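Close look at the chain arrangement
This is what each chain is made of:
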Amino acid sequence: KETPNLKPQIEWLKTKVSMPTEFGVEIKKTVGANGNDIYTPNQVESQNQDNVALTPGAYYLIWLHSHPTEKTYGMFSFGDLRFFRNAYTKTSESRKPEATTIIVCQDPMYPNDPTKINTYAIKIDNFELFDTKVNEIWNNSDYNENTDDEKIEKIHLAQALNYKAS
């Protein structure tokens, strides 16, 4: 079985970490006329500073994005995990074993060294457990807000405080 070569996409995102907005790559898998797997990357620039709009759907199975050094932290945000959970549910069953999300971000131990960039990936082995953990945070009464955007903002603030304290 073919697997996608993610290195060019990761290398491209490494060049974007110092930019003020997120960049992303969504990878679609289709099957060619001869039965071979075709992985098609689509590079996306954010219209928003800290959130790039990537496409979920039956054919999509890998989502990568950068975290801007000045605006975000060097880890997955709750919004990233929630997006992955939601995108995973829309991925076709045959593609779910390959479903992956990846972030590329500045190493927080070396914030001024452009050569120190980290790459982290998540795959889901147990969707029910992952879904439960995402929902525990999303449905926590501490985060009752009027809109989903306000809720995400409040969760991210709590996450940032925990991250800074660690």
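Residues numbered from 1 in each chain as written. Predicted model: local features only at pLDDT ≥ 70, side-chain atom pairs only at ≥ 80, totals over all residues. Heavy atoms only, no water.

**Things to note about the environment of Phe76**
The topology assignment puts Phe76 in the loop between strand 3 (60-67) and helix 2 (78-90). For Phe76, a relative accessible area of 11% translates into the label buried. Separated by 18 residues in the primary sequence, Phe76 and Ala58 have C-alpha atoms spaced 23 Å apart. When sequence neighbours within four positions are dropped, the list of residues in contact with Phe76 reads His67, Leu81, Thr101, Ile102, Ile103, Tyr120, Ala121, Ile122 and Gln159. (Helix = DSSP H or I, 4+ residues; strand = E, 2+ residues; numbered from the N terminus. Buried < 20%, exposed > 50% of the residue type's maximum accessible area, 1.4 Å probe, protein only. Contact = heavy atoms within 4.5 Å.)

**Comments concerning the packing of aromatic side chains**
What the rule picks out here adds up to 7 aromatic pairs. Between Trp12 and Phe23, the aromatic rings sit 5.8 Å apart at their centres with planes inclined by 85 degrees, giving edge-to-face as the arrangement. Taken as a pair, Trp12 in helix 1 (residues 7-14) and Phe23 in strand 1 (residues 23-31) lie far apart in primary sequence, 11 residues in all. Residues Trp63 and Phe84 carry aromatic rings whose centres are separated by 6.1 Å and whose planes lie at 65 degrees to one another, so their mutual orientation is edge-to-face. Taken together, the positions of Trp63 in strand 3 and Phe84 in helix 2 put the pair 21 residues apart, joining distant regions of the chain. By the burial criterion, Trp63 is buried, and Phe84 matches it. Taken together, the ring pairs connect Trp63, Phe83, Phe84, Tyr88, Phe127 and Phe130 into an aromatic cluster. Above the face of the Trp138 ring, Arg82 is positioned so that its terminal group lies 3.7 Å from the ring centre. (Phe/Tyr/Trp six-rings, centres within 6.5 Å; stacked < 30°, edge-to-face > 60°. Lys NZ or Arg CZ within 6 Å of the ring centre and 35° of its normal.)

**A closer look at the sheet that holds strand 4 (residues 100-106)**
Reading across the sheet, the 5 strands line up as 2-1-3-4-5 and stay open at both edges, with mixed pairing between neighbours. Since the sheet does not close on itself, it has two edges, and those belong to strand 2 (37-45) and strand 5 (117-123), each with one partner. Taking the axes of each pair of neighbouring strands and ignoring which way they run, one obtains an average angle of 15 degrees across the sheet. Alignment of strand 4 against strand 5, held across 7 bridges, turns out to be antiparallel. Its bridge partner lying in strand 5, Gln106 is registered against Ile117. Contacts from helix 1 reach strand 1, strand 2, strand 3, strand 4 and strand 5, with the element oriented near 165 degrees to strand 1. Contacting strand 3, strand 4 and strand 5, helix 2 runs over the sheet at an angle of about 165 degrees to strand 3. (Pairing = 2+ DSSP bridges. Axes fitted to C-alpha atoms, helices over the stretch in contact; angles between N-to-C directions.)

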